[in-house]
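# Remarks on the overall topology
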Amino acid sequence: MSRFDPAYIFPDYRSTTLRGPKLALVSAGGIMAKLPAPKFSAAFIKDKDADLTVHGRSTPLGERMVLHGRVTDEAGQPVRDSLIEIWQANASGRYNHPSDNHDAPLDPNFLGAGKTLTDSDGNYRFVTIRPGAYPWKNHKFAWRPAHIHISLFGDVYAQRTITQMYFPRDPMLAIDPIFNGIPDAGARERLICTMDLEAGIEEVMTGYRFDIVLSGAKSTVFGL
Amino acid sequence: MTTYKNEGIASQTIGPFFHNGLKWEQGNRIVGDAGAVAVTVYGKVRDGAGAVVTDAMIEMWAADGDGTFSETVNAQQRPRGFARIATDAEGVYRVHAFMPTHTSIDGERFAPHLNVVIFARGLLTPLFTRVYFAPLVSTIAFDPIIAAIGDEARAATLLAVKIAPNAYQWDIQLQGDGETVFLTRD
């Protein structure tokens, strides 16, 4: 795993205790960085896939926001034409998912899933709403801080990543074992977006920036 | 010492609610070359207590018959060698693929396999592994990954078991007795 990834077993997050492997990983010997990542055709993305607010009869409830950023590798090179998928709860903290039984309203105008490709300079842009926090059963008074799930493929197979993006100064971050499963404080900080109102639309929606660095592309590491 | 211009992003769990966001129509279908032998790979995912894992997502990435990864897309405009499937209420996944061939990468020769990544609630970091289509570990002892495992019983956790002429079973044990071999992401 990459040097910033959480350990497989992190008891504060209860589900890890029976699902994380206990034996040491076997070295793949560098092969993962030599395999290309799956590449998706531009035709895979449909018209409204990057706008999560236009799939109902009217606008979803909540703070409409632009989420944008740039995907690069560790050498700062853009990750181009690469698939990014996002999914999230609605403004009330409820997923459009049959297993989510949190007693908060569904929003018929918000399905909570989007996808896009990065452009030729690694940039991406979604329009969505700011998700709400929601309770879970990990421990007493456990609440997940508001977050957007993000899935990325990168250029090589070793870069395949699923993560979560959080919002600035959220007091729930301190009590969240998923976020705090990341041992390095700097790596935790890098999962928090920054407010970027000028990327939004004046008088319509806010803006947030979230840049993403994918590790794992060996050839781009300095000093090798 | 290795230095980086930029520091990488950390992994977080996929959580239990990924299905609507990541579901693909016919996501469990890998398209092969004309003449490739179709095989079904299926199995059950279990945790360290033996309970089935009903909310895992498995991705498989297959090289073409010539051993390279094709950029050709399938009817859904996705890479045709790539599959994504969620486990069902019994913890079972099922992928319609084709029999892989030997691959050669930078002079290293690998036995026929599919690359696998597993995501699930409770996995803060995904699990990388492979499934091989050899009857015995000894027949693929030359494979660098099999060789690196260095233990026949453990290596056997990466072998799909032939159930019928075109059907292979490969169970995934996340933890405990018979724990599947998982690989570093390098």
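Residues numbered from 1 in each chain as written. Chains lettered and ligands numbered in written order. Predicted model: local features only at pLDDT ≥ 70, side-chain atom pairs only at ≥ 80, totals over all residues.

## Looking at the overall build of chain A
Secondary structure assignment for chain A yields two helices and 11 strands. In chain A, the succession of helices and strands from N to C terminus is α-β-β-β-β-β-β-β-β-α-β-β-β. For chain A, whose C-alpha radius of gyration is 18 Å, the value lies close to the compact-globule estimate of 17 Å for 224 residues. Counting only C-alpha atoms, chain A reaches 50 × 45 × 30 Å along its principal axes. Among the 224 residues that make up chain A, the fraction classed as buried is 48%. Pairs at least 24 apart in sequence give 70% of the contacts found in chain A among residues at least 6 apart. (Helix = DSSP H or I, 4+ residues; strand = E, 2+ residues; numbered from the N terminus. Rg over C-alpha atoms; globule rule 2.2 N^0.38 Å. Buried ≥ 20, exposed ≤ 12 C-beta atoms within 10 Å, placed from the backbone. Contact = placed C-beta atoms within 7 Å.)

## Some details on the overall build of chain B
A count of helical and extended segments in chain B gives three helices and 11 strands. Written out in order from the N terminus, the α and β elements of chain B read α-β-β-β-β-β-β-β-β-α-α-β-β-β. On the principal axes, the C-alpha backbone points of chain B span a range of 45 × 40 × 40 Å. Scored against the burial criterion, the 186 residues of chain B give a buried share of 49%.

## Side note on the confidence of the model for chain B
For any part of a model where pLDDT is low, the fine detail of the predicted coordinates should not be relied upon. Chain-level pLDDT for chain B is 94 on average; 98% of the residues reach the 70-or-more range. Both scores are given for the predicted complex: the pTM is 0.96, the ipTM 0.96. (pLDDT = per-residue confidence, 0-100.)

## Notes on the nonpolar core
Within soluble globular proteins, side chains that are nonpolar tend to cluster in buried spots. Counting residues in each nonpolar core, the largest one holds 114 residues, and the members touching the most others are I30(B), M60(B), A97(B), I118(B), F119(B) and Y132(B). Per-element tally for this core: the top contributor is strand β7 (residues 113-120) of chain B, with six residues. In this structure F119(B) touches I162(A), I14(B), A56(B), M57(B) and P126(B), once residues within four positions along its chain are discounted. (Core = buried A, V, L, I, M, F, W, Y, C linked by C-beta atoms within 7 Å.)

## Let's talk about the sheet that holds strand β3 (residues 113-117) of chain A
All names here are of chain A. Across the sheet, which stays open at both edges, the four strands sit in the order β3-β2-β7-β8 with antiparallel pairing between neighbours. Lying at the two open borders of the sheet, with one neighbouring strand each, are β3 and β8 (161-166). Taking the axes of each pair of neighbouring strands and ignoring which way they run, one obtains an average angle of 20° across the sheet. (Pairing = 2+ DSSP bridges. Axes fitted to C-alpha atoms, helices over the stretch in contact; angles between N-to-C directions.)

## Things to note about the interface of chain A and chain B
With 74 residues of chain A at the interface, the matching set in chain B holds 61 residues. Among the secondary structure elements, those contributing two or more residues to the side of chain A that touches chain B are α1 (16-19), β2 (83-88), β7 (147-152), β8, α2 (185-189) and β11 (212-214) of chain A. Ranked by the residues each element gives to the side of chain A that touches chain B, the list is headed by β8(A), at four residues. Grouping the amino acids of the side of chain A that touches chain B by side-chain chemistry returns 40 nonpolar, 24 polar and 10 charged. (Nonpolar A, V, L, I, M, F, W, Y, C, P; charged D, E, K, R; others polar.)

## Observations regarding the sheet that holds strand β2 (residues 56-61) of chain B
Residue and element names in this part refer to chain B. Spatially, β3-β2-β7-β8 is the arrangement adopted by the four strands of the open sheet, whose pairing is antiparallel. With partners counted over all chains shown, the strands left at the sheet margins are β3 (82-86) and β8 (127-132), one partner each. With strand direction ignored, the average angle separating the axes of adjacent strands in the sheet is 25°. Relative to β7, β2 runs antiparallel, the two sharing six bridges. Bridge pairing in β7 links E59 to V117.

## Focus: the environment of G8(B)
Its place among the elements puts G8(B) in the segment before α1 (19-22). Apart from the residues lying within four places of it in its own chain, the contact partners of G8(B) are S2(A), F4(A), E74(A), V213(A), L214(A) and S215(A).

## A closer look at the pairing of strand β4 (residues 123-129) of chain A
All names here are of chain A. The buried count for β4 comes to five of seven residues, which makes it a mostly enclosed element. As paired elements, strand β1 (residues 64-73) and β4 share seven bridges and run antiparallel to each other. Within β4, the position partnered with G69 by the bridge is Y124.

## Structural notes on the environment of T161(A)
Along the chain, T161(A) turns up in strand β8. Taking the C-alpha atoms as reference points, T161(A) and L214(A), 53 residues apart in sequence, are found 7.7 Å from one another.

## A word on the pairing of β8(B)
Residues and elements named next belong to chain B. Of all six residues making up β8, six are buried, and the element is well covered by its neighbours. Of the two faces of β8, both are covered, the one formed by L127, T129 and V131 as well as the one formed by F128, R130 and Y132. As paired strands, β7 and β8 are joined by six bridges and run antiparallel to one another. Residue I118 lies in a different strand from β8, and its bridge partner there is L127. Connecting β7 to the antiparallel partner β8 that follows it, the hairpin turn spans six residues, and G122 within it adopts a positive phi of roughly 90°.

## Looking at the environment of A75(A)
All names here are of chain A. Here A75 lies in the loop between β1 and β2. Classification of A75 as partly exposed rests on a count of 14 C-beta atoms within 10 Å. As for A75 and S215, which are separated by 140 residues in sequence, their C-alpha atoms are 9.3 Å apart.

## Focus: unusual backbone geometry
Trans is the prevailing form of peptide bonds, just as negative phi is the prevailing case for residues other than glycine. At E203(A), a position not held by glycine, the phi torsion is positive, near 65°. Along the chain, E203(A) turns up in the loop between β9 (194-195) and β10 (206-209). On the neighbour-count criterion, E203(A) (5 C-beta atoms within 10 Å) is exposed. One non-glycine residue, Q77(B), lies in the positive phi region at around 70°.

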